Amino acid sequence: MVSSPAYEGSWRPDWPLDLRRALSPHLRGTGDPTLRFTEDGAWRTTTTPEGAATVRITVPAGGRVQVAAWGPGAAWAGPAVPRWLGAADRPETFDPGSHPLVVRLHRTMPWLRLGSTGRTWDALVPAVLEQKVTVVEAHRVWRELVRLAGEPAPGPAPDGMRVIPSARRVLDVTDWQWHRCGLDGARRRALRAVASVASRLEPHDGCDSVTLQRRLTSVPGIGVWTAAEVVQRTLGDPDTVSVGDYHLKNIVGWSLAGRKTDDAGMLELLEPWRGHRQRVVRLLTAGGSRPPRRGPRTAPTDYRAV
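Residues numbered from 1 in each chain as written. Predicted model: local features only at pLDDT ≥ 70, side-chain atom pairs only at ≥ 80, totals over all residues. Heavy atoms only, no water.

## Points about the overall build of the protein chain
So, point 1. Within the protein chain one finds 13 helices and five strands.
So, point 2. Over its C-alpha atoms the protein chain spans a radius of gyration of 19 Å, differing by no more than 12% from the 19 Å that the globule rule assigns to 306 residues.
So, point 3. For the C-alpha atoms alone, the extent of the protein chain along its principal axes is close to 55 × 55 × 40 Å.
So, point 4. Here the protein chain holds 306 residues, and the buried ones make up 52% of them.
So, point 5. Of the roughly 14,600 Å² of accessible surface on the protein chain, 51% is carried by carbon and sulfur atoms.
So, point 6. In the protein chain, 42 side chains carry a positive charge and 31 a negative one; their mean positions are 3 Å apart. (Helix = DSSP H or I, 4+ residues; strand = E, 2+ residues; numbered from the N terminus. Rg over C-alpha atoms; globule rule 2.2 N^0.38 Å. Buried < 20%, exposed > 50% of the residue type's maximum accessible area, 1.4 Å probe, protein only. Areas by Shrake-Rupley, 256 points an atom, 1.4 Å probe, with all protein chains shown as cover. Lys, Arg positive; Asp, Glu negative; His and termini not counted. Charge placed at Lys NZ, Arg CZ, Asp CG, Glu CD.)

## Looking at the sheet that holds strand β3 (residues 41–46)
So, point 1. In spatial order, the strands read β1-β5-β4-β3-β2; together these five strands make up an open sheet with antiparallel pairing. Each end of this open sheet is capped by a strand with a single partner; those strands are β1 (7–11) and β2 (35–38). The mean angle between the axes of side-by-side strands here comes to 15°, regardless of whether they run parallel or antiparallel.
So, point 2. Sheet topology note: the β1/strand β5 (residues 65–70) ladder contains five bridges and is antiparallel. Counted as the bridge partner of Tyr7 is Ala69 from β5.
So, point 3. The sheet contacts of helix α2 (residues 74–84) involve β1, β3, β4 (53–58) and β5, and relative to β4 the element is tilted by about 40°. (Pairing = 2+ DSSP bridges. Axes fitted to C-alpha atoms, helices over the stretch in contact; angles between N-to-C directions. Contact = heavy atoms within 4.5 Å.)

## Quick word on the packing of helix α4 (residues 120–129) against helix α5 (residues 135–149)
So, point 1. Interhelical geometry of α4 versus α5 gives an angle of 130° and a closest axis separation of 8 Å. Between α4 and α5, the angle is such that the two are oblique. Considering how the two elements wind past one another, α4 and α5 form a crossing that is right-handed. Across the interface between the two elements, Val125, Pro126 and Leu129 of α4 pack against Ala138, Val141, Trp142 and Leu145 of α5. (Parallel < 35°, antiparallel > 145°, perpendicular 65-115°, else oblique. Left-handed = near helix turned anticlockwise from the far one by under 90°.)

## Concerning the pairing of β2
Looking along a regular strand, one sees side chains alternate from face to face of the sheet.
So, point 1. Covered by surrounding structure in β2 are Leu35 and Phe37 only, the residues Arg36 and Thr38 on the alternate face being uncovered.
So, point 2. Judged from the four bridges that link them, β2 and β3 form a sheet pairing that is antiparallel. Note on β3: the bridge partner recorded for Arg36 is Trp43.
So, point 3. Where β2 folds back on β3, the antiparallel hairpin that results is connected by two residues.

## Thoughts on the side chain of Ser209
So, point 1. Along the chain, the position of Ser209 falls in helix α9 (residues 209–217).
So, point 2. Assessed through its relative accessible area of 13%, Ser209 is described here as buried.
So, point 3. Polar side-chain contacts of Ser209 include one of 2.6 Å to the side chain of Asp237.
So, point 4. Other than its neighbours up to four places away in sequence, Ser209 contacts Val231, Leu235, Asp237 and Thr240. (Polar contact = N/O pair within 3.5 Å; in protein donor to acceptor, adjacent residues only side chain to side chain.)

## Here's the deal with the pattern of salt bridges
So, point 1. For the coordinates displayed, the defined rule picks out twelve salt bridges.
So, point 2. For Asp18, the salt bridge goes to Arg21, with nearest N and O atoms at 3.4 Å.
So, point 3. A relative accessible area of 40% places Arg21 in the partly exposed class. (Salt bridge = Lys/Arg side-chain N within 4 Å of Asp/Glu carboxyl O.)

## Section: the environment of Val67
So, point 1. As for its placement among the helices and strands, Val67 is situated in strand β5.
So, point 2. Through-space distance from the C-alpha of Val67 to that of Thr30 is 24 Å; in sequence the pair is 37 residues apart.
So, point 3. Residue contacts for Val67: discarding those within four places in its chain leaves Tyr7, Glu8, Gly9, Val55, Arg56, Gly78 and Val81.

Take a look at the structure:
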């Protein structure tokens, strides 16, 4: 018997919503147990201050978004969906300037909105797992961790969906279980460090991006790259750039100047759009150009064999 949702609601966006693209920053590879796309919409699990929740988002032909949610956190998660999808974003304050590529991308991508989940923990755990490893390896460990320690998704979610482990559950994971997941010591220590202060990292008091980044980087093992990745998703920050990203500086450099660059050069190129630098980054990663690949790709390291 399919349980009735604890929350149901609907909402009509005033822009051409692309559900898959709106939620894609939260998708951690193929087989992510916390996010599943279907023909008519998407399923997503999340933590909330009230507990876990499963949310189903569908977009019928009429364009009115239908939201249903299950679990103890349903009443918190359901009404948050418009913000997830970018309802609180203010792209009308963005001036694309005179760079022809940015002008063209801004004009041809009216679907781009920067969403905000209001949940630090859900963005922080996968960001820690992505520190200094290949994307393939980070996503594999993410799947392993969620399947090991995450609880089953509430409600009639698709098979295999689970909720990200709570901070307490992360602290209970043993060393041999971490090794089985393939998590190395540095990321393990960082994850335990943030789990021990997780409640203090949530934006309960309406803190802004600068404040949240300062709180995050005060935790051992959390640097500016991880903090930036978190505030982009948690608060929908339109300006903070992920300095230290292996590929991003070259995407920005190649798209805006036709050359590779370093982090300092990337920030210099983005300076004309201060206040919306992350928005420009999102435009460039969606429709900019990339330098030609030279040499083999970096092979993922399987720490289970170490």
